[in-house]
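# Understanding the architecture of this molecule
So you can see what is in the structure, the chains are spelled out below.
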Amino acid sequence: MTLKERYDAAKEVYKAIGVDTDVAMKALKEIPISMHCWQGDDVTGFDGAGALSGGIQTTGNYPGRARNPEELMADMDKTLSLIPGKHRINLHASYAIFEEGEWVDRDQLEPKHFKKWVEFAKEKGIGIDFNPTLFSHANAENATLSSEDPKIRSFWIDHVKACIKISEYFATEQGNPCTMNIWIPDGFKDIPADRTSPRARLKDSLDQILSMEYDKTKVLVAVESKVFGIGMESCTIGSHEFYMNYASKNDILCLLDSGHYHPTEVVSDKISSMLLFFDKVALHVTRPVRWDSDHVVLFDDETKEIAKEIIRGGSDRVLLALDFFDASINRISAWVVGMRNMQKALLNALLLPNEKLAQLQNSRSFTELMMLQEELKLYPIGDVWNYFCELNGVPAKEDWFKEVATYEKEVLLNRK
Ligand code: RNT
Ligand code: ZN
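Residues numbered from 1 in each chain as written. Chains lettered and ligands numbered in written order. Predicted model: local features only at pLDDT ≥ 70, side-chain atom pairs only at ≥ 80, totals over all residues. Heavy atoms only, no water.

## What to know about the coordination of the zinc ion (ligand 2)
Binding of the zinc ion (ligand 2) to the protein goes through Glu224 (OE), Asp257 (OD), His284 (ND1) and Asp323 (OD), at separations of 2.1 to 2.2 Å. For the zinc ion (ligand 2), the six donor atoms are set out with angles of 71 to 169° between them, so the coordination reads as octahedral. If you list the donors of the zinc ion (ligand 2) from N- to C-terminus, the spacing comes out as E-x32-D-x26-H-x38-D. Within this pair, whereas Asp257 is found in strand S8 (residues 253–257), its partner Asp323 is found in the loop between strand S10 (318–322) and helix H10 (331–350), the two being separated by 66 residues in sequence. Here Asp257 matches Asp323 in class, with each residue buried. (Donors = N, O, S within 2.8 Å, 3.2 Å for Na, K, Ca; no water. Tetrahedral: all angles 85-135°; square planar, octahedral: opposite > 155°, others 65-115°. Helix = DSSP H or I, 4+ residues; strand = E, 2+ residues; numbered from the N terminus. Buried < 20%, exposed > 50% of the residue type's maximum accessible area, 1.4 Å probe, protein only.)

## Regarding the pairing of S10
Counting buried positions along S10 gives five out of five residues, so the element sits mostly inside the fold. Residues Val318, Leu320 and Leu322 line one face of S10 and the alternating positions Leu319 and Ala321 line the opposite face, and both faces are buried. Where strand S9 (residues 281–285) and S10 come together, five bridges link them in parallel fashion. When the bridges of S10 are listed, Val281 appears paired with Val318. Crossover connection from S9 via helix H9 (residues 301–313) to parallel S10: handedness right-handed. (Pairing = 2+ DSSP bridges. Right-handed = clockwise from strand over helix to strand, strands pointing away.)

## What about the pattern of salt bridges?
Two side chains that carry opposite charge are able to pair once their charged atoms sit near each other. Counted under the stated rule, the structure contains 22 salt bridges. Note that Asp22 and Lys11 form a salt bridge whose closest N and O atoms lie 2.5 Å from each other. Remark: Lys11 occurs in helix H1 (residues 3–15) and Asp22 occurs in helix H2 (residues 21–29); sequence separation between them is 11 residues. Residue classification places Asp22 among the partly exposed positions, given a relative accessible area of 36%. For Lys11, a relative accessible area of 23% gives the class partly exposed. (Salt bridge = Lys/Arg side-chain N within 4 Å of Asp/Glu carboxyl O.)

## Re the site of ligand 1
In the vicinity of ligand 1, the contacting residues are Trp38, Ile56, His92, Trp183, Glu224, Lys226, Asp257, His260, His284, Asp292, Asp323 and Phe325. Within the side chain of His92, one N or O atom sits 2.7 Å away from an oxygen atom of ligand 1. The separation between an oxygen atom of ligand 1 and a polar side-chain atom of Glu224 is 2.7 Å. Computed on the free molecule, ligand 1 has an accessible area of 300 Å², of which 99% lies beneath the protein chains in the complex. For the shell around ligand 1, the per-class residue count stands at four nonpolar, three polar and five charged. (Near = heavy atom within 4 Å. Polar contact = N/O pair within 3.5 Å; in protein donor to acceptor, adjacent residues only side chain to side chain. Areas by Shrake-Rupley, 256 points an atom, 1.4 Å probe, with all protein chains shown as cover. Nonpolar A, V, L, I, M, F, W, Y, C, P; charged D, E, K, R; others polar.)

## Quick word on the packing of helix H3 (residues 69–80) against helix H4 (residues 115–124)
Two elements in contact, H3 and H4, have axes separated by 12 Å at closest approach and are oriented at 20°. Classified by the angle between their axes, H3 and H4 sit roughly parallel to one another. Along this stretch, H3 crosses H4, giving a crossing that reads as right-handed. Listed contacts from H4 to Leu72, Met73, Met76, Asp77 and Leu80 of H3 are Lys116, Trp117, Phe120 and Lys124. Taken together, the residues of the contact of H3 with H4 sort by class into six nonpolar, no polar and three charged. (Axes fitted to C-alpha atoms, helices over the stretch in contact; angles between N-to-C directions. Parallel < 35°, antiparallel > 145°, perpendicular 65-115°, else oblique. Left-handed = near helix turned anticlockwise from the far one by under 90°. Contact = heavy atoms within 4.5 Å.)

## Considering the UniProt feature "binding site: Mn(2+)" (unreviewed entry) in the chain
What UniProt calls "binding site: Mn(2+)" (unreviewed entry) maps, in this numbering, to His260, Asp292 and Asp294. For the residues just named, distributed over 35 residues, the greatest C-alpha separation is only 10.0 Å, placing them together at one site. When neighbours within four sequence positions are excluded, His260 is seen to be in contact with Trp183, Glu224, Ser225, Lys226, Val227 and Asp292. Structurally, Asp292 is set in the loop between S9 and H9. Sequence-distant contacts of Asp292, defined by excluding residues within four places in its chain, comprise Lys226, Phe228, Asp257, Gly259 and His260. Within the structure, Asp292 has its side chain in polar contact with the side chain of Lys226 (distance 3.0 Å). (UniProt positions renumbered as here; feature names shortened; annotations may be inferred.)

## Considering the environment of Cys37
Note on placement: Cys37 falls in the loop between strand S1 (34–36) and H3. For the pair Cys37 and Asn90, spaced 53 residues apart in the sequence, the C-alpha separation amounts to 5.8 Å. Ignoring anything within four residues of it in the chain, the contact list for Cys37 reads Leu72, Met76, Asn90, Leu91, His92, Tyr95 and Trp335.

## Observations regarding helix H14 (residues 400–410)
Residues of H14 that are buried include every one of Trp400, Val404, Tyr407 and Glu408, and no others. Projected down its long axis, H14 carries its buried residues within an arc of 100°, all on one side. Residues of H14 that are exposed and point more than 90 degrees away from the buried face comprise Lys402, Lys409 and Glu410. Those residues of H14 that are buried lie in contact with H3 and H10. (Arc of directions from axis to C-beta.)

What follows is the structure in structure tokens.
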């Protein structure tokens, strides 16, 4: 049986429950996922600022890490060729590309340092999102935007302002908005004596940053909270309450990272509330294993649940990005698995009879609701997914892996 024949059979199965698989595939094609560049080089970047810091960690030393812009772009190019649909890329400021012999510190970054990325994205017809980098830097050893040292604090304020300018440049060049997400690693290992002053300084830093002139239709500033980090176990300054209140009062966005809450607390349950109070919500989908470990996104229950909330809340209102970094496996495979899984989860949500399920809840028919939700888990989503891949000119099923294996042999293993 061909993939098309299997698809045709699946189409009938879904039709019987009132779901149109053609409509689902069309909708899936329109949902861009912002692919984080930092999976390709273990969050190292090109500005030579030093080892990864800020309480985040990549573990493993699988061969083939991208060591320069050319290698990272080639790897991202290969990756994107194995993922159906058009997506976006998500850059960090530490991925600035300098001319031979040139270097500027992060507070001096300019759009020109990202020109090569714009060329790369334009060639592929994709958009860019951005992140200031407030870690892996000598000035980030203690604290950044909440620092008690005025010089350090103003250095980072200038950095984030520079990043807003760069984000505006991306938006202008690509003709659509750039999401610019601020995450800082500030916090305390042990019980702090004063939680208020650092938070007040962070609030003031953000006020100073946002007081600059910029086009709010072009740059969508978001703030990303976190419950703890390595070395920041007792208190993070940018906590969820801090940023949710700050974002709400200042008309910017909240970014929810699925690894940044207490272990049994889920982002899937937060999206609907956020969308009742904000025009949009931004996400970092990742997979925390016992802690914020940033494992590759799987087609697992929470990813499926997040996808359902995106589809039910309106996919145009959710700015969807991934955030993981696994150095223990082939990095291209990590990207492809994570991106395709996020898409499969979205397809799964698009193939549900969502109205019917909501009606069952509304009539409090919880017995039938449970029965149907469970039966739907074995519907032939795989046949729709494989045909979607074929239609979009990328390998279906596990066939993409052959290309990664060849690329590993021919390219990655030569990076010694
Ligand atoms: C850290 C945050 C943050 C980073 C990236 C590299 O816990 O999740 O988003 O992972 O910006
Ligand atoms: Zn994140």
